[in-house]
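# Tertiary structure, described
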Amino acid sequence: MSLKLYNTMSRSLEEFHPVANNHVRMYTCGPTVYDHAHIGNFRAYMFEDLLRRYLKYCGYEVTHVMNLTDVDDKTIRACIAEDLPLKEYTSTYIKAFFEDLDRLGIERAEHYPAATDHIPEMIELIEKLQEKGFAYQSEDGSVYFSIGKFKDYGKLSHLDLSGMQSGARVAQDEYEKDNAADFALWKAWDEKDGDVAWDSPWGRGRPGWHIECSAMSMRYLGETFDIHMGGVDNMFPHHEDEIAQSECATGKMFAKYWLHCAHLIVDGKKMSKSLNNFYTLRDILDKGYSGREIRFVLISTHYRQPLNFTFEVLDSARASLARLDEFIRRLKELASENATPEDLPAWARKAEDGFKAGLDNDLNISGAFAAVFDMVTAGNRAMDSAEVTGDSARAILTLLHSWDSALGILEPPPDEADEETLRMVEMRQQARRNKDWGEADRLRDELAARGWVVKDTPEGPKLRRS
Ligand code: AMP
Ligand code: ZN
């Protein structure tokens, strides 16, 4: 079977074939770096990470671009409130974003272009649209895209746009604002922008949000690329506007497959800053959950199903991971040095088929996890009755390791200590409380051998990778 993905453009499952041979080029609308991202945002980045990893698992070469929106109404408002230059303000949140990605085991994309580093490309694109008659300048110096000139406007979101007034102008570029009309490509400076402005053929100003993504995706991936992704809220108007700008400028198809994830919801409502019903990743880590447990929750509901976030779900993720860890521990105890795929028992081979069939079916994670946990059940039973040889155990571990290149949940993220390490830290604390310095030192050395340095601080011991 081959990979099928649900394309929002056709509203159907389609077989996946990249535009160019074996090379997949994909684009993600990234974070607006005015604050810490919330776990709803990470749901979107997590499904994109699963797709990226699975494509590589299937043997594709992947070039993935995720932009950083570091200029828009929200970033400008926030940096002015803090009295900091825009770049300085956003750099704090860019750094935090990458730390969060690492805590969640989300693989790095190949490129993270920041909007403010690509203003010339945006200006060039707007000029092209103006030359071709798709854009016009208003009296205040802003430039607008005329949706009435693009007959395919609305093809992605399948909205009935007959009621739209093509002449109406909306300068807002935020979510949840009615943008159902001509939209701004370039916004003339006004006093609310402080000193955030760039020179352009239309005077000082700044780009609109939509043009940022068109310019940066085409700069790194070419005029036509394979996959464009985001949360469902990105579909309209943002992605619709990206398509309009890009296809009118180039005359070519912009992206072949459009993938959108459903929202992470809390009490039936989308998690969002504006509803103030959000948790940042840090909020949840501070409650004692690990990045790996949060990853498990974010990944384990199919991306097109709403994910209802609760702490009970996190607790059951902890229990599932403990079961998996115990299985792996047992296998490691048994495993020989080397084995070949022929050493896999029949039940593990069956699981292998189920794993691939699941993910091939539009990333059906439930199918993939069923394969993992069926294998845990069958494997535990076989180990209980001493039916698993050392070579079989090694072959199963190798299989799990290869699955984990797609799932990223079997091993803790690089900076996160596993249960055994944490237990050793606790034992060392106990030894120190008992003034058993010899035992405390021995545990410190043992932790060092596992690759961890313990630092004793007034708030207790802190671990870091050596
Ligand atoms: P933003 O930083 O608001 O531009 O959002 C970044 C990404 O997170 C976009 O792909 C959004 O669609 C996505 N997103 C925002 N809120 C949620 C949510 N509650 N659930 C899933 N994805 C979301
Ligand atoms: Zn975008």
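Presented here is an overview of the structure given in this document. (Residues numbered from 1 in each chain as written. Chains lettered and ligands numbered in written order. Predicted model: local features only at pLDDT ≥ 70, side-chain atom pairs only at ≥ 80, totals over all residues. Heavy atoms only, no water.)

### Here's the deal with the overall build of the chain
Counting secondary structure elements, the chain contains 14 helices and 16 strands. Taking 2.2 N^0.38 as the reference for a compact globule, 466 residues should give roughly 23 Å; the C-alpha atoms of the chain span a radius of gyration of 25 Å, in line with that estimate. Across the 466 residues in the chain, those meeting the buried criterion constitute 53%. Contacts in the chain between residues far apart in sequence, at least 24 positions, make up 76% of those at least 6 positions apart. Summed over all atoms, the accessible surface of the chain reaches about 20800 Å², with 49% contributed by carbon and sulfur. Taken as two groups, the 57 positive and 79 negative side-chain charges of the chain have centres that lie 3 Å from each other. (Helix = DSSP H or I, 4+ residues; strand = E, 2+ residues; numbered from the N terminus. Rg over C-alpha atoms; globule rule 2.2 N^0.38 Å. Buried < 20%, exposed > 50% of the residue type's maximum accessible area, 1.4 Å probe, protein only. Contact = heavy atoms within 4.5 Å. Areas by Shrake-Rupley, 256 points an atom, 1.4 Å probe, with all protein chains shown as cover. Lys, Arg positive; Asp, Glu negative; His and termini not counted. Charge placed at Lys NZ, Arg CZ, Asp CG, Glu CD.)

### Thoughts on the sheet that holds strand S14 (residues 307–308)
Reading across the sheet, the three strands line up as S13-S12-S14 and stay open at both edges, with mixed pairing between neighbours. Only two strands of the sheet have a single partner each, and these edge strands are strand S13 (269–270) and S14. Here strand S12 (residues 264–266) pairs with S14 via two bridges, running parallel. Bridge pairing in S14 links Leu 264 to Leu 307. (Pairing = 2+ DSSP bridges.)

### Some points on the packing of aromatic side chains
Scanning the model with the defined rule gives 25 aromatic pairs in all. Judged by centre distance (5.8 Å) and plane angle (75 degrees), the ring pair of Phe 42 and Tyr 45 falls under edge-to-face. With a gap of three residues between them, Phe 42 and Tyr 45 both fall in helix H1 (residues 39–57), about one helical turn apart. Both residues of the pair, Phe 42 and Tyr 45, belong to the buried class. Pairwise contacts between aromatic rings join Phe 42, Tyr 45, Phe 97, Phe 98 and Tyr 112 into one cluster. Seen from the ring of Tyr 220, Arg 219 lies directly overhead, with NZ or CZ sitting 4.4 Å from the centre. The ring of Phe 278 carries the charged tip of Lys 273 above its face, separated from the ring centre by 5.3 Å. (Phe/Tyr/Trp six-rings, centres within 6.5 Å; stacked < 30°, edge-to-face > 60°. Lys NZ or Arg CZ within 6 Å of the ring centre and 35° of its normal.)

### With respect to the side chain of Asp 182
One can find Asp 182 in strand S8 (residues 182–188). By relative accessible area, Asp 182 is classed as buried at 2%. For Asp 182, the side chain forms a polar contact with the side chain of Tyr 136, separated by 2.6 Å. At 3.1 Å, the side chain of Asp 182 forms a polar contact with the backbone nitrogen of Ile 147. (Polar contact = N/O pair within 3.5 Å; in protein donor to acceptor, adjacent residues only side chain to side chain.)

### With respect to the coordination of the zinc ion (ligand 2)
At 2.0 to 2.5 Å from the zinc ion (ligand 2) lie its protein donor atoms, namely Cys 29 (SG), Cys 213 (SG), His 238 (NE2) and Glu 242 (OE). Coordination at the zinc ion (ligand 2) is irregular, judged from the four donor atoms that bind it and the angles of 77 to 130 degrees they form at the metal. Between consecutive donor residues of the zinc ion (ligand 2), the sequence gaps follow C-x183-C-x24-H-x3-E. Of this pair, His 238 and Glu 242 both sit in helix H6 (residues 235–250), four residues apart, which is roughly one turn of the helix. (Donors = N, O, S within 2.8 Å, 3.2 Å for Na, K, Ca; no water. Tetrahedral: all angles 85-135°; square planar, octahedral: opposite > 155°, others 65-115°.)

### With respect to the pattern of salt bridges
Close approach of charged atoms allows side chains of opposite charge to pair. Scanning the entire structure with this criterion turns up 36 salt bridges. The salt bridge partner of Glu 99 is Lys 95, with a shortest N-O separation of 3.2 Å. With a gap of four residues between them, Glu 99 and Lys 95 both fall in helix H3 (residues 86–103), about one helical turn apart. When its relative accessible area of 55% is taken as the criterion, Lys 95 is described as exposed. For Arg 442, the salt bridge identified is with Glu 446, shortest N-O distance 2.6 Å. (Salt bridge = Lys/Arg side-chain N within 4 Å of Asp/Glu carboxyl O.)

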